[in-house]
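Here's the letter readout for the chains.
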Amino acid sequence: MQNNQGNLWQNVMDQVKTWARVNSPWAIHFNSGSCNGCDIEILATLTPRYDMERFGVKLQGSPRHADILICTGPVTRQARERLIRIYEQMPEPKFVVAVGSCALSGGAFQGCYNVEGGIDQVLPVNAYVPGCPPRPEAIIDGLVKLLQALDNGTMPEPITLKPGVAVPSKSGNPA
Amino acid sequence: MNTLTTIITLLIFPGGLCLLLLGLAYEWVDRKLVARLQNRVGPRWFQPLADTIKLLAKEEVVPENVQARLFTVLPVIALAGALTSALYVPLFGLKPAYSFEGDLIVAIYLLSLLTLCTGLAGANTYNRFSLIGATRTLTQLFSYEAPFLLALFGPAIVAGSWKISEIAGYAESHWLVLTQPVGFIVALIGLMGKLELPPFDAPEAETEIVAGALTEYSGRGLALFHLGKGVELVVGLTLVAAFYLGGVANPLAFFVKTLVILLGLAGLQALFTRLRIEQTVGLWWRYGALLVLVQFLALIVWEGWVA
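Residues numbered from 1 in each chain as written. Chains lettered and ligands numbered in written order. Predicted model: local features only at pLDDT ≥ 70, side-chain atom pairs only at ≥ 80, totals over all residues.

Let's talk about the overall build of chain B
Here comes step 1: Looking only at helices and strands, chain B features twelve helices and zero strands.
Here comes step 2: The C-alpha atoms of chain B give a radius of gyration of 19 Å, which matches the 19 Å a tight globule of 307 residues would have.
Here comes step 3: The C-alpha extent of chain B, read off along each of the three principal axes, is 60 × 55 × 40 Å.
Here comes step 4: Taken across its 307 residues, chain B has 49% of its residues classed as buried.
Here comes step 5: Within chain B, contacts between residues at least 6 apart in sequence are counted, and of these 79% link residues at least 24 apart. (Helix = DSSP H or I, 4+ residues; strand = E, 2+ residues; numbered from the N terminus. Rg over C-alpha atoms; globule rule 2.2 N^0.38 Å. Buried ≥ 20, exposed ≤ 12 C-beta atoms within 10 Å, placed from the backbone. Contact = placed C-beta atoms within 7 Å.)

The following block contains the structure:
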């Protein structure tokens, strides 16, 4: 009986936590070598026309305040350490959204001597938004899908192509 | 029975829980109004609540090279200061929970505690953005505090009392915004400076210095600072409404008058761009302090000769 009540309490707390997380995703934007096309689209997403504050999205300056890391561009060898550092500075639970073809696979810069590849070569990525550059609607769609998955508890395992390179999050699974 | 009433007063109504929720509600009204003025849809009604719960449930990172105990305790002191100051103001149009001669000064001091704690929190962390933010927070504190104080002392001089409840009682029969318009404007803008709202948000300018003094705060600490700011917003609005807009004798008057002031604040936020820190200081000391000082002297002379 006691155990049952404990479980109930735990369930309610978990539901409240998930509700709060889904409804208040604060984002930080990092450009690890993009051509700025995707960055301009992300800025367009934050303008009054699309108004991300409807979903509770706020662009934060500090990684310490953010829940979602929005990455654009391929990871250049120079930006790699900085990207990992930004990711590690974010408190758990944290999610990564890769925006644009280059962030997905390296795109036009694939195979360059100075390019590591897509974001998932370095960080565990939770959502991918394709496009070169993706429209603001696509970015909002990607974000909403991430939040829905978080809400349903169907968050897919973050994909990392090179597990040796990737920085695992503390719990192993950020969801 | 008496103890029970005291506990309810402190923890649930009008202090404590109700005050926190009211702070969150007013924060939402503020954000929604600014959003509508910018032709946006704006946040949903539960947004500040969701933000707070999420922050409370998040990991709290204590960075390297900080005094860990101070880092943990500062947000608590900040929130406690704001909550304590609320005990001396007529919230919800009710009588203040506690009242004594000179509580106006104590309440204003307790309101400043939040800013002081923010400054200390920034100076405590080993981060250049926090340090710049802390410097700017404290610089701004020194620039708006004196004019804001003088603007609230104007009604006190006229009412002949340092007790918030007596000043509010006097203000119910005299709309001091008509007789002391300069004081009202300075108090209003002082409140914006206190809350670091947009024209005066140089201390937390996210386009220059990341997030100012609170850059290194995550999770619980950040949530407590946010809550403290919400409470401070309510207390500040109540003070200005009670002193200048004909008092807050009943709950209806309280909500109508504070929300009207909040509408004004939102309009100013949407209208002006950020001032640089030296422009803020210049504005306060060159115009704000001077104007309110002239009015203050005029009031003293008037009181001395007529009354």
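With respect to the interface of chain B and chain A
Here comes step 1: Between chain B and chain A, the contact holds 26 residues from the first and 18 residues from the second.
Here comes step 2: Per-element accounting of the side of chain B that touches chain A gives the leading share, six residues, to helix H3 (residues 47–57) of chain B.
Here comes step 3: In terms of residue class, the side of chain B that touches chain A is built from eleven nonpolar, seven polar and eight charged. (Nonpolar A, V, L, I, M, F, W, Y, C, P; charged D, E, K, R; others polar.)

Description of the pairing of strand S5 (residues 95–99) of chain A
Residues and elements named next belong to chain A.
Here comes step 1: Extensive coverage of S5 is indicated by the burial of five of its five residues.
Here comes step 2: Residues of S5 alternate between two faces, with Phe 95, Val 97 and Val 99 on one and Val 96 and Ala 98 on the opposite face, all of them buried.
Here comes step 3: The pairing of S5 with strand S7 (residues 127–129) spans three bridges and is classified as parallel. Residue pairing for S7: Val 97 is matched across the bridge by Ala 127. (Pairing = 2+ DSSP bridges.)

A few points about the nonpolar core
Residues and elements named next belong to chain B.
Here comes step 1: If you look at the biggest cluster of nonpolar residues, it comprises 88 residues, and the most contacted ones within it are Leu 152, Ala 187, Val 240 and Phe 243.
Here comes step 2: With 16 residues, the single largest contributor to this core is helix H10 (residues 220–244).
Here comes step 3: Those residues in contact with Ala 187 that lie beyond four places of it in its chain are Phe 148, Ala 151, Leu 152, Val 240 and Tyr 244. (Core = buried A, V, L, I, M, F, W, Y, C linked by C-beta atoms within 7 Å.)

Remarks on the pairing of strand S3 (residues 68–72) of chain A
The side chains of a regular strand alternate, residue by residue, between the two faces of the sheet.
Residues and elements named next belong to chain A.
Here comes step 1: Of all five residues in S3, five are buried, a share of seventy percent or more.
Here comes step 2: The alternating pattern of S3 places Ile 68, Ile 70 and Thr 72 and Leu 69 and Cys 71 on opposite faces, both of which are buried.
Here comes step 3: Where S3 and S5 come together, five bridges link them in parallel fashion. Its bridge partner being in S5, Ile 70 is matched across the sheet by Val 97.

Concerning the packing of helix H9 (residues 181–194) of chain B against helix H12 (residues 277–305) of chain B
Residue and element names in this part refer to chain B.
Here comes step 1: At their nearest, the axes of H9 and H12 sit 9 Å apart, and the two run at 145° to each other. Here H9 and H12 pass one another in a crossing that is left-handed. Taking contact as the criterion, the partners of Val 182, Gly 183, Val 186 and Ile 189 in H9 are, on H12, Gly 288, Leu 291, Val 292 and Gln 295.
Here comes step 2: For the contact of H9 with H12, the class distribution of residues is five nonpolar, three polar and no charged. (Axes fitted to C-alpha atoms, helices over the stretch in contact; angles between N-to-C directions. Left-handed = near helix turned anticlockwise from the far one by under 90°.)

Some words on helix H4 (residues 68–85) of chain B
Residues and elements named next belong to chain B.
Here comes step 1: For H4, spanning 18 residues, the distance from its first C-alpha to its last is 27 Å, which sits close to the expected 26 Å at 1.5 Å a residue.
Here comes step 2: Of all the bends in H4, the largest measures some 25° and sits at Leu 74, one to four residues before the proline Pro 75.
Here comes step 3: Contacts from the buried residues of H4 go to helix H2 (17–37), helix H5 (103–124) and H10. (Expected span 1.5 Å × (residues − 1). Bend = angle between axes of the 7 residues up to and from the residue.)

Let's talk about the environment of Leu291(B)
All names here are of chain B.
Here comes step 1: One can find Leu 291 in helix H12.
Here comes step 2: Residue Leu 291 is classed as partly exposed on the basis of its C-beta count, with 17 C-beta atoms lying within 10 Å.
Here comes step 3: The sequence separation of Leu 291 and Gly 247 amounts to 44 residues, and the corresponding C-alpha distance is 24 Å.
Here comes step 4: Residues in contact with Leu 291, not counting those within four places in the same chain, are Val 182 and Val 186.

Considering the confidence of the model for chain A
Atomic detail in the predicted coordinates should be set aside for any region of low pLDDT.
All names here are of chain A.
Here comes step 1: Across chain A, the average pLDDT comes to 82, with 87% of residues at or above 70.
Here comes step 2: No element of chain A has a lower mean pLDDT than helix H1 (residues 2–23), which averages 82, and none a higher one than S3, which averages 91.
Here comes step 3: Counting interchain partners and residues more than four positions distant, the pLDDT-below-50 stretch residues 166–175 has 23 contacts. (pLDDT = per-residue confidence, 0-100.)

Some words on the confidence of the model for chain B
Here comes step 1: This prediction gives chain B a mean pLDDT of 85; 99% of its residues lie at or above 70.
Here comes step 2: For this predicted complex, the interface confidence comes out at an ipTM of 0.78, alongside a pTM of 0.85.

Digging into the environment of Trp162(B)
Residue and element names in this part refer to chain B.
Here comes step 1: Its place among the elements puts Trp 162 in the loop between helix H6 (128–159) and helix H7 (164–173).
Here comes step 2: Distance in space between the C-alpha atoms of Trp 162 and Asn 65 is 44 Å, their sequence separation being 97 residues.
Here comes step 3: Beyond its immediate stretch of four places on either side in the chain, Trp 162 contacts Glu 101, Gly 102, Leu 104, Ile 105 and Ala 156.

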